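Spelled out from the first residue to the last, the chains are:
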Amino acid sequence: MQPRLFSLAALAILGHASPTLRAPKCTDSIASLTISATNFDLSSGTPPLNATIPVSGTFDVHLRFCEPTVSVPSRAGTLQILVHGATYGADYMDAGFEPGIYSYVRYAAAHGYATLNMDRIGYGASDHPDPIGTMQTPFDVAALADIVRLARAGRISGARRSFHTIVAVGHSLGSFVLNGLVAAEPQLVNVVVLTGYSHTFADIDIPALAGFGPANLIGPARLGGLASSYLTTANASARAAAFYGPEGSFDPAALAFDESEKITVALGEFLTAATSIVASKFTGYVLTVNGEDDLLYCIEPACANLKGEAQYYPSAKSVDYGELASLTVAVIKNAGHSVNFHLAAPDLYANIHAWLSKHGY
Ligand SMILES: *[C@@H]1O[C@H](CO)[C@@H](O)[C@H](O)[C@H]1NC(C)=O
Ligand SMILES: *[C@@H]1O[C@H](CO)[C@@H](O)[C@H](O)[C@H]1NC(C)=O
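Quick notes on the rules
Residues numbered from 1 in each chain as written. Chains lettered and ligands numbered in written order. Predicted model: local features only at pLDDT ≥ 70, side-chain atom pairs only at ≥ 80, totals over all residues. Heavy atoms only, no water. Helix = DSSP H or I, 4+ residues; strand = E, 2+ residues; numbered from the N terminus. Rg over C-alpha atoms; globule rule 2.2 N^0.38 Å. Buried < 20%, exposed > 50% of the residue type's maximum accessible area, 1.4 Å probe, protein only. Contact = heavy atoms within 4.5 Å. Areas by Shrake-Rupley, 256 points an atom, 1.4 Å probe, with all protein chains shown as cover. Lys, Arg positive; Asp, Glu negative; His and termini not counted. Charge placed at Lys NZ, Arg CZ, Asp CG, Glu CD. 1 Å grid on protein atoms, 1.4 Å probe; cavity = no way out; pocket = protein on both sides within 12 Å on 5 of 7 lines; lining within 4 Å. Points joined across faces, edges and corners; volume = space filled by probe spheres on them. Nonpolar A, V, L, I, M, F, W, Y, C, P; charged D, E, K, R; others polar. Salt bridge = Lys/Arg side-chain N within 4 Å of Asp/Glu carboxyl O. Phe/Tyr/Trp six-rings, centres within 6.5 Å; stacked < 30°, edge-to-face > 60°. Near = heavy atom within 4 Å. Polar contact = N/O pair within 3.5 Å; in protein donor to acceptor, adjacent residues only side chain to side chain. Disulfide = S-S within 2.5 Å. Pairing = 2+ DSSP bridges.

Quick notes on the overall build of the protein
A tally of helices and strands in the protein yields twelve helices and twelve strands. Computed over the C-alpha atoms, the radius of gyration of the protein is 19 Å, within 12% of the 21 Å expected from 2.2 N^0.38 for a compact globule of 361 residues. Relative to its 361 residues, the protein shows a buried fraction of 57%. In the protein, once contacts between residues fewer than 6 apart in sequence are set aside, the share between residues at least 24 apart is 77%. Summing over all exposed atoms, the protein offers an accessible surface of approximately 14,100 Å²; the carbon and sulfur share of this is 58%. Both charge centroids of the protein, one from 20 positive and one from 29 negative side chains, sit 10 Å from each other.

And the structure:
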């Protein structure tokens with residue numbers, strides 16, 4: 001990898017020039033969701049072609065609704081729903097580490113968007129069901145669909161209104177879930193933004209690089225009570241190797257914070273994260289944005305693999321990525337997989353919001 005001292009210097013200057021983002025007014029709540037889904041039979045260790053196992057139950061999910069800090073009347077009925085990936089919870093989109101710079105929630109709030117952030121079921125303060133039988137992507141999709149329906153119906157604590165426009169923003173495994181959602185229930189969201197994600201990816205063993213193992217052994221103090229198939233990354237250096245760009249692309253204190261707050265992913269989710277789903281009936285807008293140093297989802301040169309994304313959304317209004325988004329930073333320079341913990345995080349947020357604005361959202 002080539003040194004990128006010039007762009008780093010430019011970033012530092014931009015960083016100093018950008019104002020600190022204000023904390024929005026937020027409401028935390030626990031919603032009880034009754035979910036039915038059809039999962040896969042994982043008794044052989046790998047999922048069969050078709051899902052056949054019905055699962056259902058009532059599960060608590062931690063939601064965090066935040067109001068905008070700046071009023072933009074055209075966005076009053078719009079909600080951004082934020083869907084974190086593996087080993088992260090609500091903190092991924094609303095980092096406790098220097099949130100004035102790193103928090104996606106604060107950036108969206110400053111641009112007039114309400115957000116609904118969460119610990120998905122199986123994460124953080126939400127319930128932790130069976131990590132193999134229950135925690136699979138069909139179940140995750142059903143849970144997310146229920147949350148979107150609550151938002152559309154005006155039933156999110158703190159919101160006191162319904163939303164007619166849903167912009168869903170995913171990261172990594174959260175993007176897989178979003179992709180499943182727009183394939184299964186194409187009318188539920190208007191716009192989908194997928195980060196740390198592509199249908200095609202490099203041949204790299206990220207789980208080995210990240211040293212995934214039972215969270216109850218790796219982090220017994222915080223994660224000791226969980227079933228052994230709830231996994232997490234081995235240590236800070238393994239996490240950096242798998243999720244971060246080269247030295248200099250992130251503040252080591254951001255990695256240290258991320259390591260100290262890291263949570264889990266259920267094995268069943270990993271085993272069922274399908275890469276071939278075509279959202280044939282989704283008619284909204286799609287944007288895919290990755291860090292250029294994302295080992296898995298940004299294949300050289302310049303995330304060329306993203307050019308294949310359009311075939312997975314044949315009915316979309318537009319499927320944008322990289323240079324086709326007509327924005328200079330749609331492939332985020334100097335960032336690895338977990339872009340939100342990199343110095344370039346504000347570039348990602350600016351890119352997404354410029355694109356939303358361009359499409360009238
Ligand atoms: C899977 O489902 C598809 C579509 O319903 C069906 O055509 C196919 O035969 C099924 N495959 C298996 C192995 O059950
Ligand atoms: C971190 O985890 C990796 C992957 O499991 C392992 O190879 C490495 O030795 C660990 N490093 C430290 C400092 O414990």
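Details of empty space enclosed by the protein
Inspection of every chain in the model, using the stated rule, returns two cavities of 30 Å³ or more. Of the pockets and cavities examined, the largest cavity occupies roughly 60 Å³. Broken down by class, the residue content of the lining of the largest cavity amounts to six nonpolar, no polar and two charged.

Things to note about the pattern of salt bridges
Scanning all chains against the criterion turns up nine salt bridges. Between Arg120 and Glu269 there is a salt bridge, with its nearest N and O atoms 3.1 Å apart. Here Arg120, found in the loop between β4 (114-119) and α4 (137-152), pairs with Glu269, found in helix α11 (residues 267-272); they are 149 residues apart in sequence, far enough to count as distant. In this structure, Arg120 and Glu269 share a single accessibility class: buried. Among the salt bridges present, the one from Arg239 reaches Asp258, with a minimum N-O distance of 2.9 Å. On the criterion of sequence distance, the pair formed by Arg239 in helix α9 (residues 236-243) and Asp258 in helix α10 (residues 252-261) is long-range, its members being 19 residues apart.

Section: the packing of aromatic side chains
Evaluated as defined, the whole model comprises 19 aromatic pairs. When the ring of Phe59 is compared with that of Phe139, the centres are 5.1 Å apart and the planes differ by 85°; the resulting orientation is edge-to-face. Of this pair, Phe59 sits in strand β2 (residues 53-66) while Phe139 sits in helix α4; the two residues are 80 residues apart in sequence, bridging distant segments of the chain. With a centroid separation of 5.0 Å and 85° between ring planes, the pair formed by Phe212 and Phe270 is classed as edge-to-face.

What to know about the site of ligand 2
Close to ligand 2 lie Gly211, Ala234, Asn235, Ser237 and Ala238, which account for all nearby residues. Between ligand 2 and the protein, one listed contact pairs an oxygen atom with a side-chain N or O atom of Asn235 at 2.4 Å. For ligand 2, the accessible surface in isolation is 360 Å², of which the surrounding protein chains cover 32%. Tallied by class, residues from the shell around ligand 2 come to two nonpolar, three polar and no charged.

Quick look at the state of the cysteines
As enumerated under the stated definition, the model contains two disulfides in all. The disulfide partner of Cys26 is Cys66, and the S-S distance across this bridge is 2.1 Å. Measuring the twist about the S-S bond at about 105°, one finds the Cys26-Cys66 disulfide to be right-handed. Here Cys26, found in strand β1 (residues 26-39), pairs with Cys66, found in strand β2; they are 40 residues apart in sequence, far enough to count as distant. By relative accessible area, Cys26 is classed as partly exposed at 24%. One disulfide bridge connects Cys298 with Cys303, the sulfur atoms lying 1.9 Å from each other. Across the disulfide from Cys298 to Cys303, rotation about the S-S bond amounts to roughly -105°, and the bridge is consequently left-handed. For Cys298, a relative accessible area of 7% corresponds to the buried category. A residue is classified by how much of its surface remains accessible, and Cys303, at 3% relative accessible area, is buried.

Notes on α9
Turning to α9, its buried residues number three or more, namely Ala238, Arg239, Ala240, Ala242 and Phe243. Buried residues in α9 make contact with α6 (206-210) and α10.

A word on the sheet that holds strand β7 (residues 213-214)
In spatial order, the strands read β7-β8-β9; together these three strands make up an open sheet with antiparallel pairing. In the strand order of this sheet, the two ends are held by β7 and β9 (265-266), each with one partner. Strand direction decides the pairing type here: strand β8 (residues 230-232) and β9, joined by two bridges, are antiparallel. Paired with Tyr230 across the strands is Ala266, a residue of β9.

Details of the side chain of Thr264
Looking at the secondary structure, you find Thr264 in the loop between α10 and β9. Its relative accessible area of 1% is what places Thr264 among the buried residues. For Thr264, the contacting residues outside a window of four places in its chain are Ala86, Thr87, Tyr88, Gly122, Tyr123, His128, Ala215, Leu223, Leu226, Tyr230 and Leu231.

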